[in-house]
Amino acid sequence: MKHRIALVGFGTVGQGLAEILLEKREYLKTRYGYEFDIVGISDIAWGTAYNPDGLDITAMLNAAKAKQKFSQDLKDWDALTMIRKCNATVVCELAFTDLETGEPAISHCKAAFETGKHVVTSNKGPAALAYTDLKAMAEKKGLRFLIEGTVMSGTPVLNLAEGPLAGCEITAALGILNGTTNYILTQMEAGMSYEDALKKAQELGYAEADPTGDVEGYDARGKVTILANVVMNTSLRIEDVSCKGITHITPEDIEKAKEENCRWKLIGSVKKEGDKVKASVAPEMVPLSHPLAGVMGATNAITFATDLLGEVSVVGPGAGRKETGFSILTDLLRLHR
Ligand code: HSE
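Caption draft 1: The site of the ligand, seen in detail. Around the ligand sit Lys-124, Asn-178, Gly-179, Thr-180, Tyr-206, Ala-207, Glu-208, Asp-214, Asp-219, Lys-223, Gly-318 and Ala-319, and those are all the residues in its vicinity. A distance of 2.8 Å is found between an oxygen atom of the ligand and a backbone nitrogen or oxygen belonging to Gly-179. A distance of 2.9 Å is found between an oxygen atom of the ligand and a side-chain nitrogen or oxygen belonging to Lys-223. Taking 260 Å² as the accessible area of the ligand by itself, protein coverage stands at 90%. Every element with two or more residues in the shell around the ligand is listed here: helix H8 (179-189) and helix H11 (218-231). In the shell around the ligand, the residues fall into 3 nonpolar, 4 polar and 5 charged.

Take a look at the structure:
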């Protein structure tokens with residue numbers, strides 16, 4: 001079966017995914033029997049292009065890189081129209097993240113399910129604010145809502161918990177889930193000012209469009225909510241997660257941590273306590289001997305506490321064009337399997 005893919009959002013992640021699919025077309029076919037066409041792309045900046053037999057991916061990438069509208073832009077088709085009318089089997093929701101309303105991504109996911117299409121997304125909005133409802137909606141129609149890229153980009157976290165770790169009870173998850181803040185804390189330890197470190201993180205593309213979401217801990221809070229709901233099968237709301245960011249940490253605090261053989265880390269934590277799940281985001285002074293203390297720069301890490309394996313940790317990228325593009329590919333292949 002040839003998969004028909006529609007992309008909603010053709011920015012960094014959408015283009016990263018398209019590049020990977022283009023480069024790996026033959027490999028995906030011979031190694032996994034995975035064949036595909038990208039039939040539709042809708043982006044707020046470049047417009048909407050649709051061809052039920054498959055678009056020319058190179059031409060789409062060239063237009064976006066040249067910051068030009070798609071030449072075949074269907075002016076009267078917005079993203080919702082494309083989702084509803086296209087012949088895709090799966091919609092990749094890669095539009096911008098809004099952790100307050102989840103829109104327009106939640107509406108995109110709903111439209112896809114209503115018209116019989118799977119959804120794969122790295123967008124934290126729908127995953128953090130409406131995971132339980134959207135998953136139920138998908139399941140009712142025999143569809144999937146796959147969201148690996150929402151936590152630690154393509155580094156396997158959610159699929160690891162749901163796949164290879166199935167059968168283990170995960171009782172806690174503790175992690176560094178935001179690359180921007182870990183990068184800032186690392187640079188401050190090396191003597192850079194908070195402002196310069198944040199500016200550098202923005203230049204390197206780690207930070208959210210509005211970096212307040214990173215430094216105040218809201219991005220990590222979204223990820224912690226997703227972890228709780230996917231891994232512990234609960235229905236925590238984002239406002240149930242206590243949240244403190246790193247904006248109050250001073251160079252003096254960094255020095256004090258050094259003197260005590262510790263290092264500041266923004267820690268996201270989810271724990272089962274009886275039949276309740278408690279979750280938080282807060283900066284902590286972590287002893288240098290702790291495995292998370294050695295995770296530096298924009299790298300992310302998570303440790304799952306399990307009943308059968310003890311602690312299982314994963315360290316890897318938490319953001320980036322190829323890294324998040326890969327998170328979508330991994331879920332597309334999961335759908336294929
Ligand atoms: N702004 C996020 C981070 C990007 O710094 O981790 C990935 O979600």
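Caption draft 2: View of the environment of Ala-6. With respect to the helices and strands, Ala-6 occurs in strand S1 (residues 2-8). A relative accessible area of 0% places Ala-6 in the buried class. Residues Ala-6 and Ala-45, spaced 39 residues apart in sequence, show a C-alpha to C-alpha distance of 16 Å. Apart from residues no more than four positions distant in its own chain, Ala-6 is found in contact with Gly-40, Met-82, Cys-86, Ala-88, Val-90, Val-91 and Cys-92.

Caption draft 3: Region of interest: the sheet that holds strand S7 (residues 170-176). In space, the 6 strands of this open sheet follow the order S8-S10-S9-S7-S11-S12, with mixed pairing throughout. Edge positions in the open sheet fall to strand S8 (242-243) and strand S12 (310-316), since each of these has one partner strand only. Relative to strand S9 (residues 262-273), S7 runs antiparallel, the two being bridged by 4 bridges. Bridge assignment links Ala-172 to a residue of S9, and that residue is Lys-271. Seen against the sheet, H8 touches S7, S9 and strand S11 (300-306) and runs at an angle of roughly 150 degrees to S9. Across the face of the sheet, helix H12 (residues 251-259) comes into contact with S9 and strand S10 (276-287) while running at roughly 80 degrees to S9.

Calculation rules
- Residues numbered from 1 in each chain as written.
- Predicted model: local features only at pLDDT ≥ 70, side-chain atom pairs only at ≥ 80, totals over all residues.
- Heavy atoms only, no water.
- Near = heavy atom within 4 Å.
- Polar contact = N/O pair within 3.5 Å; in protein donor to acceptor, adjacent residues only side chain to side chain.
- Areas by Shrake-Rupley, 256 points an atom, 1.4 Å probe, with all protein chains shown as cover.
- Helix = DSSP H or I, 4+ residues; strand = E, 2+ residues; numbered from the N terminus.
- Nonpolar A, V, L, I, M, F, W, Y, C, P; charged D, E, K, R; others polar.
- Buried < 20%, exposed > 50% of the residue type's maximum accessible area, 1.4 Å probe, protein only.
- Contact = heavy atoms within 4.5 Å.
- Pairing = 2+ DSSP bridges.
- Axes fitted to C-alpha atoms, helices over the stretch in contact; angles between N-to-C directions.

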